[in-house]
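Coordinate analysis (summary)
Chain by chain, the residues:
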Amino acid sequence: MTKKRRLLWQLYPSYLLITVISLAAATWFATRSLKQSFLEQYAFDLEARAHLVENQILKGLLSHDQKGIDLLCKKIGARAATRITVILPSGKVIGDSSNNPEKMDNHMDRPEVIKALTGGVGISTRYSRTLQQYMMYVAVPLRNNSEIISATRISITLTAIDETIKSIQIKIAIGGVIIALLAAIVSLLISRRISRPIEEVKKGAESFARGNLEYRLPISNSEEIGSLSETMNQMAAELHERIRTITRQRNELEAVLSSMAEGVIAVDSEERIINMNQAAAEILECNLSEVQGRSIQEVARNTDLQNFVSDILSSWEPIEKDIVLYEDGERILNGHGTALNDEQGKTIGALVVLHDVTRLRKLENIRRDFVANVSHEIKTPITAIKGFVETLRDGALNRGEDAGRFLKIIEKHTNRLEVIIEDLLSLSKIEEGADKSSIPLYKDHIKEVLQAAIQACQVKAGPKNIRLELSCNDELTANINPELLEQAVVNLLDNAIKHSNAEGVVKIDATRKTDETIIHVRDRGCGIEKQHLPRLFERFYRADKARSRKLGGTGLGLAIVKHIVQAHGGTVTVESTPGIGSTFTIHLPCD
Ligand code: ADP
C-alpha cells in the first residue's frame, strides 16, 4: 500500500517545483535572448566600423599599396581594440591588425569572407585557431564602381561578451534564488491555506466516525470546502436525529417488551434468537444477556417449543399451541407464533409470544372438577330420595313401620342436600363478597368470637366428651368480620371434634405476633396423610372419603375456611401427623 502523505506535502513540493522550473526556464530564456541581442548589436557595430575604414582601404588598394593597407589595419585595430583584416577576392590576406599577412593562409574558405565576396554581409562566430579564442567575424564587400575588389573583415573576441553575459547571469541567478525563496514561503502559505480547511473537514469526519455527531465543522471561506462542511454538518445532524429516533423507538420497544407479562421471543430464519424479553428468559430459565445469537434448541431444552418455532417458520398462518414445560412442577404455556416476513414476503424469522396459562388451566380444571363434584354429591342423595319415594308409592306407604323408616332415610338425605346447598351458598356468598371487597371488616375482640364458636360446637363435643380449651388474651383485637370468622373457627372445631376420639381435647389459642394475629386449632385426632395436605382446602376434597361421608361431611368446610380467611387478607395453613393430630392455623394481618 502506498504511504499516505499529508495534502500539504503533496501541494507544497509541486508548487516549489513549478516555481523553480519556471524561474530556471525564464533565466535560461532571458540569458539566451540577451546573448542573441548582444551578438546582433555587436555584428551591427562591427559592420559600421568596417564601413568607416572602407574609404582608406579603397585608397590603398587603388594605389596598390598593400603595405600601407596592412599598416592602416594595425593602426586602426590597435586604436579600436578590434581586429581588421583585408582579403582580396582571391582569398589572399593583404592586411591584418594582429598578424603578418604574408604568413596567413588563404581565407577563401571562411564563410563570412565567401558571403562578403559575393556581395553580402557575412557574419560568423567561431573559434580562431590564429588567436586561439572565440571570435565574431563580420565581413563586408568593398566595391570599386560596383566591382568587388576586396572584403573587409572586422572581428572581435567574444570573451568580453561572455563575461558581460556571465555577470548578468549571476545577477539573474541571485534574483532568481531570492524570488524562489519568496515563492517557497508564499507557496507554503498558499498550500497551508488550501490544506487547512481540508484538514479541519478530515478532523470533523473522524469525529463523526467516532460517534460524536454533535460536533460541527467550521465553515470555510472557500465555496467548495464551505459547502462540503455544510453538507457534512447537515448529514451529521440528520444522522444524529435518526439515531436518536431509533434509540428512542428501541427503548420504547424494550420498555414495552420488558413490562410485558407474556414471554416474547424473536428468532431468525436459522432459529437463532434475535431478541427476547425478561418474561421469556424467566419462563425458559436462562440469562437474558447470554441468549442473543444462540439457537432456540440451545436455550429452550423443550422439544414442544422447538417444534413450535420450526412450525411457525414453515407456516404462512399464525399458529397457536399449548406447550407444557416441566420445571419444579408442570407449567402450561399458551404460545402464539407468527412468521416475520421482509418486503418481498420472504420469511426472515418468527415471533413467539408465550403466555403462562398454568393458573388459568388449573382454574378451568377446578371449575370442571367442581361441577363434576357438585353433580356427584347431589346425585347420591337425590337417587336415594327418588328410590325411596318410588318404593313408598309402590305400596310401602301402607306398611306403617317401613314407611316411617323410609321417610327417615328420605329426611336424612334431604338434610344432607340442604347442608350441601347451604355450604355452597355460603361459599359463593363469601367469594362474591371477597371479589367485590364488600365484606365489612372492623376492629373487634378475638376472644369473643372464639367463645361464640366454642359455644356453637359444644353440642357436638358434648356427646363425645371432648374438652374444648381456649387460651386467648381478653384485649386481643384484629380487623375482622366476627360472623364470618366465627363460621371459619366453627368449621375447624367441627372437623377437630369429628376426627378426635372420645374424651379427647381440642385446644384453641390466639396470639399476636409482630405483624399478624394467629389462631391455632389443635386436636389429637387421627391426623392427615402428608400427600393430602396441599389439596386439603380445595372444594369437595376429602382426605378420607368414606369416613368423611359417614361423618356427614360435605368436603366444603375447609374451602369455606380458606375463603373467609382470604376475605380477611390472611392465610390458613395445616400441619398434621397421622395418628398424632392436626393443627390448623389462621394468620390474620395486623393493621
Ligand atoms: P368435610 O366436610 O368432609 O369435613 P372439610 O373441607 O371440612 O370437609 O375437610 C376436608 C377433609 O379434610 C375431610 O374430609 C377430612 O378428611 C380432612 N380433615 C379436616 N380436618 C381434619 C382434622 N382435624 N383431622 C383429620 N382430618 C381432617
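For every chain, the first residue of the written sequence is number 1, and numbering continues from 1 onward in sequence order. The predicted origin of the model limits local features to residues at a pLDDT of at least 70 and limits the giving and counting of side-chain atom pairs to 80 or more, whereas totals for whole chains, interfaces and linings rest on all residues. The side-chain figures draw on all heavy atoms in the structure; neither hydrogens nor water molecules are used.

Description of the packing of aromatic side chains
When the centres of two rings from Phe, Tyr and Trp lie within 6.5 Å, Trp using its six-membered ring, the rings pair. Their planes under 30 degrees apart give stacked, over 60 give edge-to-face, and anything left gives tilted. The final tally for this structure, using the stated rule, is six aromatic pairs. Aromatic pair W9 and Y12: ring centres 6.2 Å apart, planes at 65°, arrangement edge-to-face. Of this pair, W9 and Y12 both sit in helix α1 (residues 7-62), three residues apart, which is roughly one turn of the helix. Throughout, exposure labels follow a simple rule: accessible area from a 1.4 Å probe, protein chains only, divided by the maximum for the residue type, with under 20% read as buried, over 50% as exposed, and the rest as partly exposed. For W9, a relative accessible area of 41% corresponds to the partly exposed category. Judged by relative accessible area, which is 15%, Y12 ranks as buried. Summarising the aromatic geometry, the rings of F388 and F406 are spaced 5.1 Å apart at their centres and angled 40° between planes, so their arrangement reads as tilted. Placement of the pair is F388 in helix α9 (residues 358-393) and F406 in helix α10 (residues 400-435), with a sequence separation of 18 residues. A relative accessible area of 10% places F406 in the buried class. Secondary structure elements follow DSSP: runs of H or I no shorter than four residues count as helices, runs of E no shorter than two count as strands, and numbering proceeds from the N terminus.

Considering the site of the ligand
What makes a residue near a molecule or strand is one non-hydrogen atom of that residue sitting within 4 Å of it. Close to the ligand lie 22 residues, the nearest being N495, S548, T554, G555 and L558. Separating a nitrogen atom of the ligand from a side-chain N or O atom of D523 is a distance of 2.9 Å. Identification of polar contacts relies on pairs of N or O atoms within 3.5 Å, with a donor-acceptor requirement for protein atoms, meaning one able to donate a hydrogen and the other able to accept it, and with residues adjacent in sequence counted only if both atoms are side-chain atoms. At 3.3 Å from an oxygen atom of the ligand is found a main-chain nitrogen or oxygen belonging to G557. To be clear on the numbers: accessible area is Shrake-Rupley with a 1.4 Å probe, and residue cover counts the displayed protein chains and nothing else. When isolated, the ligand has an accessible area of 520 Å², and the protein chains bury 97% of it. Those elements giving two or more residues to the shell around the ligand turn out to be α12 (482-499), α14 (557-567) and β17 (581-589). Sort the elements by how many residues they give to the shell around the ligand and α12 lands first, with four residues.

Brief notes about the nonpolar core
Among soluble globular proteins, nonpolar side chains are generally buried collectively. Put simply, buried Ala, Val, Leu, Ile, Met, Phe, Trp, Tyr and Cys residues joined by side-chain atoms within 4.5 Å make one nonpolar core. Membership of the largest hydrophobic core comes to 51 residues, with the highest contact counts inside it found for I446, L468, L493, I519 and L536. With eight residues, the top contributor of residues to this core is α12. Reported domain spans reflect what an automatic or database domain assignment gives. Summarising the domain contributions, this core has at least three residues from each of domain 4 (361-434) and domain 5 (440-589). Beyond its immediate stretch of four places on either side in the chain, L468 contacts I454, C457, Q458, A461, L493, I497, V506 and I508. L61, V140, I149 and I165 belong to the second-largest nonpolar core, a separate cluster that totals 26 residues. Between two residues, a contact is recorded if the distance between any of their heavy atoms is within 4.5 Å.

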